[in-house]
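# Breakdown of the fold
Here's the letter readout for the chains.
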Amino acid sequence: MTRRGRILAWGAGVTAVVVLGIGGVGAWVYNDLNNNINSADVDDKLGENRPENLSPGSKNIMIVGSDSRDGANAKYGKDLTTMQSDTLMVLHIPADRKWASVVSFPRDSWVEIPSCEKGDGSTSTPHHFKINEAFALGGSNGKVGEAAACSIKTVEANTGLRIDHFMSVDFSGFKGMVDALEGIEVCPKQAIHDKKAHLDMEAGCQTVKGEKALGYVRVRYAVGDGSDIGRIGRQQEFMDALAKKAKSKLTSPDAMYGFLQSITKSLTTDPDMAGIKPLYGLADELKGIPSDRLSFLTVPNYGREADQPTDKANVVWQYPQAADLFTSLAKDKEVTKPQLEAAKKNVVYASSVRVQVLNGTGVSGRAAAVAEKLKAAGYTVTGTGNAPGGTVAKTTVTYPAGLDGRAAVLASRLPGLRATADTAAAPGVVTLVVGPELKVDDVA
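Structural notes, computed from the coordinates. Since the model is a prediction, treat every value here as computed from it, not as a measurement.

## Points about the state of the cysteines
Two cysteines whose sulfur atoms are joined by a covalent bond form what is called a disulfide. Scanning the model with the defined rule gives 2 disulfides in all. The disulfide that involves Cys116 links it to Cys150, with 2.2 Å between the sulfurs. In this structure the cystine formed by Cys116 and Cys150 twists about its S-S bond by roughly 85°; its chirality is therefore right-handed. You can see Cys116 sitting in the loop between β5 (110-113) and β6 (127-130) and its partner Cys150 sitting in helix α4 (residues 144-159), a full 34 residues away along the chain. Each of the two residues, Cys116 as well as Cys150, counts as buried. Should the bonded cysteines of the chain be numbered as they appear in the sequence, the pairing reads 1-2, 3-4.

Following this line, the structure appears as structure tokens:
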């Protein structure tokens with residue numbers, strides 16, 4: 001449970017329900033917890049243009065740690081919309097159930113937010129922003145289901161993964177979980193004083209509860225390098241400690257009942273996951289996975305400042321590594337953390353890719369439109385023009401000797417493309433010939 005609990009603590013930490021009793025009392029507890037879970041059907045808000053599940057039998061579950069700014073949480077942050085997603089990850093369970101991966105998405109990831117239904121009945125226009133804006137945008141009316149729908153659309157649009165289920169856990173439930181377990185021990189190596197997280201802690205091991213525990217998992221700017229990447233690591237460590245503490249309380253019905261009450265009351269899922277039985281089934285599937293086959297991954301990324309010098313706050317995903325990760329999971333191929341870490345070492349910034357864009361569609365202005373999208377993503381566009389011969393059958397990416405890595409980065413951002421060498425190409429420039437099948441919106 002120690003490693004699996006990092007997943008379950010956010011969305012489905014209900015395996016311990018079996019220790020709460022059997023017979024009449026057990027049935028009452030079961031129904032009580034079962035009725036706590038909120039359900040939201042989001043299918044009608046996801047549209048028809050969704051990725052296919054390329055591996056029947058596999059599951060992709062989006063898990064959101066939502067930070068509502070209502071009630072007791074209102075003091076956190078300023079001038080923010082009602083709902084925020086502080087934690088976003090996807091749990092991939094393959095069809096053979098022999099391994100699993102949890103992929104964390106830094107909330108400062110600069111991605112395209114697709115058109116979403118907003119709480120006021122209007123529809124947003126596609127634009128680029130931080131990935132966590134999707135939850136706030138869809139949930140501007142305070143409804144978790146609509147917030148989750150926009151996050152699902154955003155994850156699907158940027159990864160190509162089909163999201164089969166979702167779970168959202170509000171941080172108010174997180175505090176209740178920690179308190180039911182009588183606190184969690186943490187051991188910060190340095191003192192933490194952060195006004196935004198409302199946290200004052202001295203260095204060294206100590207037990208935290210309630211608001212202090214919430215502040216600890218939320219703290220960012222006053223610890224380490226102040227990045228969301230560092231916070232993801234602290235949250236995973238805290239969830240590991242929480243799972244160990246929950247395991248130690250399995251023989252204490254009162255503690256476990258309070259723990260499970262807190263998580264189920266703050267849990268919203270899609271209808272197929274809304275109940276103790278399906279959550280227990282999920283936990284049972286995870287239970288059979290060896291601990292060394294469960295990988296906790298973070299989408300490869302780098303500071304957007306490398307491509308856009310004025311943006312010192314956000315990160316962009318590293319390509320082709322991010323695309324390779326998503327493609328592997330979509331095809332049910334295991335990716336281990338060492339494999340991903342090794343791949344991340346070869347960073348190619350988008351700004352270092354010099355590309356000329358040629359129009360092979362016969363439609364006036366198509367090259368210019370694609371070029372603008374590439375510039376917005378940080379690429380260096382050297383010029384636009386028409387393809388030799390006017391039109392082509394399909395889009396191509398070609399490169400001269402020595403630019404295979406940069407060409408691969410560009411090709412990975414375009415659907416279904418692979419770069420090919422062209423010995424006659426001009427040195428120093430990758431060539432993108434836009435074919436009729438490439439839509440402007442396909443350019444990431």
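## Section: the pairing of strand β7 (residues 165-170)
If a strand is regular, its side chains alternate between the two faces of the sheet. Counting buried residues in β7 gives 6 out of 6 residues, a clear majority hidden from the surface. In β7, alternate side chains face the same way, and those of His165, Met167 and Val169 on one face and Phe166, Ser168 and Asp170 on the other are all buried. In the sheet, strand β2 (residues 59-66) pairs with β7 via 6 bridges, with the strands oriented parallel. Residue Gly65 lies in a different strand from β7, and its bridge partner there is Val169. With 3 bridges connecting them, β7 and strand β12 (residues 267-269) associate as antiparallel partners. Across the sheet, the residue bridging to Met167 is Thr269, located in β12.

## Description of the sheet that holds strand β20 (residues 430-434)
If you trace the 5 strands from one edge of the open sheet to the other, you get β17-β16-β20-β18-β19, paired in mixed fashion. The open sheet has two edge strands, β17 (380-386) and β19 (420-421), and neither has a second partner. By the bridge criterion, 2 bridges tie strand β18 (residues 396-399) to β19 in an arrangement that is parallel. Counted as the bridge partner of Tyr399 is Ala421 from β19. Here helix α12 (residues 366-376) sits on the sheet in contact with β16 (354-359), β17 and β20, set at roughly 155° to β16. The sheet contacts of helix α13 (residues 404-412) involve β16, β18 and β20, and relative to β18 the element is tilted by about 165°.

## Quick notes on the sheet that holds β7
The strand order across the open sheet formed by 7 strands is β1-β12-β7-β2-β3-β4-β13, and the pairing between neighbours is mixed. Two strands bound the open sheet, and with one partner strand each, they are β1 (38-39) and β13 (294-298). Here 4 bridges tie strand β3 (residues 85-93) to strand β4 (residues 100-104), and the two strands are oriented antiparallel to one another. Across the sheet, His92 pairs through a bridge with Ser101, a residue of β4. In the packing of helix α5 (residues 171-180) onto the sheet, the strands contacted are β2, β3 and β7, and the crossing angle to β7 comes to about 65°.

## Observations regarding the environment of Ala367
Within the fold, Ala367 resides in helix α12. In sequence terms Ala367 and Val357 are 10 residues apart; their C-alpha atoms lie 5.8 Å from each other.

## Quick look at unusual backbone geometry
Residues Tyr319 and Pro320 are joined by a peptide bond in cis, for which omega reads 5°. The backbone of Glu182 sits at a positive phi, close to 65°, despite the residue not being glycine. Mapping Glu182 onto the fold places it in the loop between α5 and β8 (184-186). Its identity as a non-glycine residue notwithstanding, Asp332 has a phi of 65°, on the positive side. Checked against the element boundaries, Asp332 lands in the loop between α10 (321-330) and α11 (337-344).

What counts and how
- Residues numbered from 1 in each chain as written.
- Predicted model: local features only at pLDDT ≥ 70, side-chain atom pairs only at ≥ 80, totals over all residues.
- Heavy atoms only, no water.
- Disulfide = S-S within 2.5 Å.
- Helix = DSSP H or I, 4+ residues; strand = E, 2+ residues; numbered from the N terminus.
- Buried < 20%, exposed > 50% of the residue type's maximum accessible area, 1.4 Å probe, protein only.
- Pairing = 2+ DSSP bridges.
- Contact = heavy atoms within 4.5 Å.
- Axes fitted to C-alpha atoms, helices over the stretch in contact; angles between N-to-C directions.

Remember that the coordinates give geometry; whether it matters functionally is a separate question.
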